Structure formats: C-alpha cells, structure tokens
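Geometric and topological summary
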Amino acid sequence: MTLSAYWRLIRDNRNFRRLWLAQIVSETGDWFYMVALYSLLLQLTGKAQSVGLALVLQVLPSTLVGPTAGVVNDRIRRLHVMIAADLARMVIVLGMMLVRSAEMVWLVYPLLFLETVMWGFFEPARSAVIPNVVGEDQLLTANTVSSLTWSVNFAVGSAIGGFVAVLLGRDAVFVLNALSFLLSALLLRRMRLHEPHAAEAAPFRLRELVDFSPVVEGARYIRRDARLVATVLLKGGIGIMGANWVIFPIMGERVFPVGGGSLGTARAAVLGMSVLMSARGVGALTGPLVATKWAGGLGSRMRTGILVAFLAGAAGYMLLSVAPILALACAAIAVAHGGGSTVWVFSTTLLQRYSDDKFRGRVFAADLGFCMLLMAASGYAASVAIDCGIGVRTAAFFIGVAMLVPALAWLWAMRLWREAKDPGF
C-alpha cells in the first residue's frame, strides 16, 4: 500500500478514474453546501435542534429507503442508478435558494429528505459497483483511494466552503453544489463496464418496488453467517460519531469562533465550524493511509485494526471535551475520525470480498442503513441535550464514552473468526 499503487490504479483503470473524478466534484460541492446550510439554520432559528433535525433528515431516509434501494441496485444497472440520483440531487439543491427567512426554514427539511433518499440509492450502488471496476486484489487499494478522496474533499470543501459563504454568499454555494452533481453525472455516463447482476436478470418491473421477497432473501443471505452479520453492523458503530454534525457547528459558534469581532459573530462562527470540520477531514485522510499500509490486505489485521480504530474514536472525543484551544481540539478530532475512516475502509473491503455480486446491493444498503440510523439517533439526541442545557463539551465526552460500546461488541465478535478457524474470511 504505497502512494504509487494508488496512482497506478487511477492512471491505468479508466472506469475507476471516472468514478473517482465524479466523487471529487460531487463531494467537494457537498461540503461547501453543508457549512452554508448549517450556518443558515443556526442563524435563522438559533437552536441546536434545527441542526439536529436537519441531520436526521440527511441520514435517516437512507435507512428507510435502504431495502428498496438494495433491491433496485441488485436488479438494474448500478451505473444508471447513480446517474439518476445525481441529476435529481442537482434539482433539489437548487431549491434551497428559496429559503430566505425564518418563515421559509420549513422548506429546508423536505428538500433534505428528498436529497437523502437519492443518496440512499447512490451510495450502495457506488460501493457495490467497485468490484466490477477493479480486481479483487485491488479492492483495498480502491476503497482506500475513495476514503482518502472523501477525506480531502471534506477538509478542503469544509475549509473553502466557509470562506465562499462569507465572501460570495450562500446562493453561490448552492449553485456550485448543484453544478457538481451535474458534472458527476456526466463523468459517470462515460464509464463502460460489465455488471453481471443486471445482464443475467429479467427486465425490472415497477411492481417489484412493493415486493418484499427480495428483501427477505437478502436478509436470509446476510443471516447465514454470523461473521457477515457482525461486519454489516460495523458502520453502525461509526454512526455514533454522527453527533459531530451538531457538536462542531455549536463549538464553532460558542467555543472556538475564528476571527472574533473583526468579522462579526455570524461569520466567525461559520469559520470556526469550517476549521473543526476540516480537522475531521485531515484525520479521515491520515487514518486509512497508516492503517492500510500496516494491514497489507490481510483480513486478520483489518479486523484487529477495526478494534483499535474504535478505541481511537472514543479517545478522540474524550480529549475534545477538555481541549482548551482550537489547535488541540482539531488534533483530537483528527484522532477520532482517523479511527472512524479506518473502520469504514476496512469494513467496506471485507464486505466486498465476502458478498456475492447478486446480493451486494442489498448488503451495502443494510450496511449504510445501520450507520445512518445510529447517526440520526446520536445527532438528534446531542441537539436535544444541548438545547436542554447540557454543555457541548459534555456532549462530546459522552460520545467518546458511547464509542466504547461498538469497540467491546467487536472485540466479542472477533471470537467468531477464532472459533471458525477460517482466517481467509
């Protein structure tokens, strides 16, 4: 796992390169947009729960739509699903420009719901299509490249997004994000790949959207092996850290504003939030770089690395709760989300290796659904606690404590591999 290996994959595999470029443009636009949206909600409502509700609507619909999205992604071409989702999100994001006052804030929420439904179709398709784009020996490399790209996009997009919102206004941010979805769809349209699940399937019928037998079939497939069940549930542990979407904006506003009185309260809060989010991106970049080099593609090392990564997430949030200055807060965030990103890369790679192409869409829909369910619950709980008078630092501490739960659960689950004496799984 070297930088040259990542570069060779991008250079030599045209389909992966286009998928990678589509990820860059759409995700960078997303993080521009997130900073502007959360700062808009805080400015118009003044309540942490407005951000908490936005988070719920950004993640929970993907859990609700997961069974349908999994079936669709296993029945038709995943490439077509991604393109349609991108075009729909372009239109939805432009609708955010209609929110001009506190009386119009309600419009944010149905738009976020629809956008998340589209993402709920897109993301399982992207994860499931990677084994059709690269060979099995390059899966960890491809997933690491995707994770590193997400991290860079998050760090750069969050940092620049704050400045763009301050200098050009929120409308400019919404337009840029909409254009990023359009460009992503155009890049995906140029991919040429074989998708065996679609080639072998009968024509899709709309009535299949209300036929739950494929969902039951997928659940039975996952349930057949307890190790697969444990791996599918892994990202639910990362979801606990979803409270950061509430904690970082509040910390940026109340604890670590950047620029002070020279910029004004609202702008200082936006920049503080964007710096904290950028630290998350930096951590998510460095964590997988170190972890994948150490793991070397070995399943046993990836499983051990997941345990260590959960403990890093717990330690990072506990340290954040007592950080006296912005620099130390950023370091703690980097440690926590370096662990979270490592769990994401390793769990994704393990699921791609061990799931059949016929079921992979449903596997990743379930995988994403558990993550988003926990993210919605933790984020909204944090927002309610803060509005009820619990300090934002205290909320961060309890998130760190909660991260010990998936760490202990995974430590227990690792015995399944020891008992099976099957290191290859």
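Below you will find a few notes about this structure. (Residues numbered from 1 in each chain as written. Predicted model: local features only at pLDDT ≥ 70, side-chain atom pairs only at ≥ 80, totals over all residues. Heavy atoms only, no water.)

**Details of the overall build of the chain**
Each helix and strand counted, the chain has 20 helices and zero strands in total. For 425 residues, the compact-globule estimate of 2.2 N^0.38 gives 22 Å, and the chain sits close to it at 21 Å. Counting only C-alpha atoms, the chain reaches 60 × 45 × 40 Å along its principal axes. Every one of the 425 residues in the chain was classed for burial, and the buried ones make up 58%. (Helix = DSSP H or I, 4+ residues; strand = E, 2+ residues; numbered from the N terminus. Rg over C-alpha atoms; globule rule 2.2 N^0.38 Å. Buried < 20%, exposed > 50% of the residue type's maximum accessible area, 1.4 Å probe, protein only.)

**Examining a positive patch on the surface**
A cluster of basic residues, Arg14, Arg189, Arg190 and Arg192, forms a positive patch on the protein surface. Within the element layout of this structure, Arg14 appears in helix 2 (residues 14-45). Taking relative accessible area as the criterion, Arg14 reaches 53% and is therefore assigned exposed. (Patch = residues over 30% accessible without salt bridge, like charges linked within 9 Å, V, L, I, M, F, W, Y side chains within 5 Å. Areas by Shrake-Rupley, 256 points an atom, 1.4 Å probe, with all protein chains shown as cover. Salt bridge = Lys/Arg side-chain N within 4 Å of Asp/Glu carboxyl O. Lys, Arg positive; Asp, Glu negative; His and termini not counted. Charge placed at Lys NZ, Arg CZ, Asp CG, Glu CD.)

**Structural notes on the packing of helix 2 against helix 3 (residues 48-64)**
Each pair of packed helices gets described by two things: the angle between the helix axes and the distance between those axes. As a packed pair, helix 2 and helix 3 sit with axes 9 Å apart at the nearest point and diverge in direction by 140°. One element, helix 2, and the other, helix 3, form an angle in the oblique class. Between helix 2, through Met34, Tyr38, Leu41, Leu42 and Thr45, and helix 3, the contact on the second element is made entirely by Ser50, Val51, Ala54, Leu55 and Gln58. Here the contact of helix 2 with helix 3 is built from residues that sort into seven nonpolar, three polar and no charged. (Axes fitted to C-alpha atoms, helices over the stretch in contact; angles between N-to-C directions. Parallel < 35°, antiparallel > 145°, perpendicular 65-115°, else oblique. Contact = heavy atoms within 4.5 Å. Nonpolar A, V, L, I, M, F, W, Y, C, P; charged D, E, K, R; others polar.)

**Some remarks on the environment of Val91**
The residue Val91 is located in helix 5 (residues 78-94) in this model. Taking relative accessible area as the criterion, Val91 reaches 53% and is therefore assigned exposed. When the C-alpha positions of Val91 and Leu179 are compared, they lie 9.7 Å apart, and in sequence the two are 88 residues distant.

**Points about the pattern of salt bridges**
Taken as a whole and judged by the stated rule, the model has 10 salt bridges. As a salt-bridge pair, Arg78 and Asp74 come within 2.8 Å of each other at their nearest N and O atoms. A salt bridge links Asp225 to Arg227; its shortest N-O distance comes to 2.9 Å. On the basis of relative accessibility, which here comes to 11%, the residue Arg227 falls in the buried class.

**Some points on the packing of helix 3 against helix 17 (residues 360-387)**
Packing of helix 3 against helix 17 brings their axes to within 8 Å, and their N-to-C directions diverge by 170°. With respect to their mutual orientation, helix 3 and helix 17 come out roughly antiparallel. Two secondary-structure elements touch here, helix 3 through Ala48, Gln49, Gly52, Leu53, Leu55, Val56, Val59, Leu60, Ser62 and Thr63 and helix 17 through Gly369, Met372, Leu373, Met375, Ala376, Gly379, Tyr380, Ser383, Val384, Ile386 and Asp387. Classifying every residue of the contact of helix 3 with helix 17 by side-chain character gives 13 nonpolar, seven polar and one charged.

**As for empty space enclosed by the protein**
Applying the stated criterion to the full structure yields three cavities of 30 Å³ or more. By volume, the largest cavity is sized at about 880 Å³. Lining the largest cavity are 41 residues, and of these Trp31, Trp119, Trp150, Trp344 and Met372 sit closest to its centre. If you list the elements that add at least two residues to the lining of the largest cavity, you get helix 2, helix 3, helix 6 (108-133), helix 7 (139-168), helix 13 (244-254), helix 14 (265-295), helix 16 (326-354) and helix 17. It is helix 6 that provides the largest number of residues to the lining of the largest cavity, a total of nine residues. For the lining of the largest cavity, the residue count by class is 20 nonpolar, 14 polar and seven charged. (1 Å grid on protein atoms, 1.4 Å probe; cavity = no way out; pocket = protein on both sides within 12 Å on 5 of 7 lines; lining within 4 Å. Points joined across faces, edges and corners; volume = space filled by probe spheres on them.)

**Concerning the packing of aromatic side chains**
Applying the stated criterion across every chain, the model contains three aromatic pairs. Over the aromatic face of Phe122 sits the side chain of Arg89, whose NZ or CZ is 4.7 Å from the ring centroid. For Lys235, the ring lying beneath its charged end belongs to Trp344, and the centroid distance is 4.9 Å. (Phe/Tyr/Trp six-rings, centres within 6.5 Å; stacked < 30°, edge-to-face > 60°. Lys NZ or Arg CZ within 6 Å of the ring centre and 35° of its normal.)

**Here we look at the nonpolar core**
Tyr33, Tyr38, Trp245, Ile247, Leu320 and Trp410 are the most contacted members of the largest nonpolar core, which has 94 residues in total. The element best represented in this core is helix 2, accounting for 11 residues. In contact with Leu320, other than residues within four places in its own chain, are Phe248, Met251, Ala329, Ala332, Ile333, Arg393 and Ala396. Leu19, Met82, Val134 and Leu148 belong to the second-largest nonpolar core, a separate cluster that totals 32 residues. (Core = buried A, V, L, I, M, F, W, Y, C linked by side-chain atoms within 4.5 Å.)

**A word on a nonpolar patch on the surface**
There is a patch of nonpolar side chains on the surface, built from Leu87, Leu94, Val175, Leu176, Leu179, Leu182, Leu183 and Leu186 and spanning about 620 Å² of accessible area. Contributions of two or more residues to the nonpolar patch are made by helix 5 and helix 8 (170-189). Per-element accounting of the nonpolar patch gives the leading share, six residues, to helix 8. Examined against the element boundaries, Leu87 turns out to sit in helix 5. When its relative accessible area of 36% is taken as the criterion, Leu87 is described as partly exposed.

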